[in-house]
Amino acid sequence: MNPEFRDKNQIDLEAFRQEIESIQKEESERGKTGHFEGAGFKAEDLTLEDMDFWHKIKNGTVARDAFDYYRHRLKETELTPSRKIFAAFAANKANVVIGRRELEEREIRNDPRR
């Protein structure tokens, strides 16, 4: 693997972990959700695969097939408690993005002006 590519991935992964750690702290302090409670969440356990899925959620491009693939891959992997916690959090966020897009598509198809 090209060392520059590996270094960029490592930098991106560290930034992703810091972002999730920040979300975890914010949600815990505000009592907003129970996503990160218990089991001692550790952002350093998150992987490039988790990061890739998170970026798709954040930029609104996550699709049902990507969500299904991510869930399938998780089932094939021995997960740390932190990855399980993140996967549940990410799944909830992905479902919101996917649900909104599917609703918009349905509304467009059912629009009598079209």
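Above this text sits the structure in question.
A.B. asks: Even after reading the chapter, I still don't get the overall build of the protein, so can you show me in this structure?
C.D. replies: The secondary structure content of the protein amounts to four helices and zero strands. Counting from the amino terminus, helix and strand elements in the protein follow one another as α-α-α-α. Burial analysis of the protein (114 residues in total) assigns 32% to the buried set. Contacts in the protein between residues at least 24 apart in sequence constitute 75% of all its contacts with a sequence separation of at least 6.

A.B. asks: When you look at the pattern of salt bridges in this model, what are you seeing that I'm missing?
C.D. replies: Enumeration over the complete set of coordinates arrives at nine salt bridges. Where Lys 58 meets Glu 19, a salt bridge forms, and the shortest distance between an N and an O atom there is 2.9 Å. With Lys 58 in helix H2 (residues 48-58) and Glu 19 in helix H1 (residues 3-30), the pair connects residues that are 39 residues apart, well separated along the chain. A salt bridge links Arg 64 to Glu 102; the shortest N-O distance between them is 3.2 Å. Note that Arg 64 is positioned in helix H3 (residues 64-75) and Glu 102 in helix H4 (residues 81-109), a separation of 38 residues in sequence. Residue classification places Glu 102 among the partly exposed positions, given a relative accessible area of 29%. One network of salt bridges, in which partners are shared, links Glu 49, Asp 50, Arg 73, Glu 76 and Arg 83.

A.B. asks: Explain the nonpolar core to me, please; I cannot follow it from the model alone.
C.D. replies: In terms of nonpolar packing, the biggest core is built from 27 residues, with Ile 20 and Phe 86 touching the most fellow members. Only H1, H2, H3 and H4 provide two or more residues apiece to this core. A per-element tally of this core places H4 first, with nine residues.

Quick notes on the rules
- Residues numbered from 1 in each chain as written.
- Predicted model: local features only at pLDDT ≥ 70, side-chain atom pairs only at ≥ 80, totals over all residues.
- Heavy atoms only, no water.
- Helix = DSSP H or I, 4+ residues; strand = E, 2+ residues; numbered from the N terminus.
- Buried < 20%, exposed > 50% of the residue type's maximum accessible area, 1.4 Å probe, protein only.
- Contact = heavy atoms within 4.5 Å.
- Salt bridge = Lys/Arg side-chain N within 4 Å of Asp/Glu carboxyl O.
- Core = buried A, V, L, I, M, F, W, Y, C linked by side-chain atoms within 4.5 Å.

Purely geometric numbers; function is a separate question.
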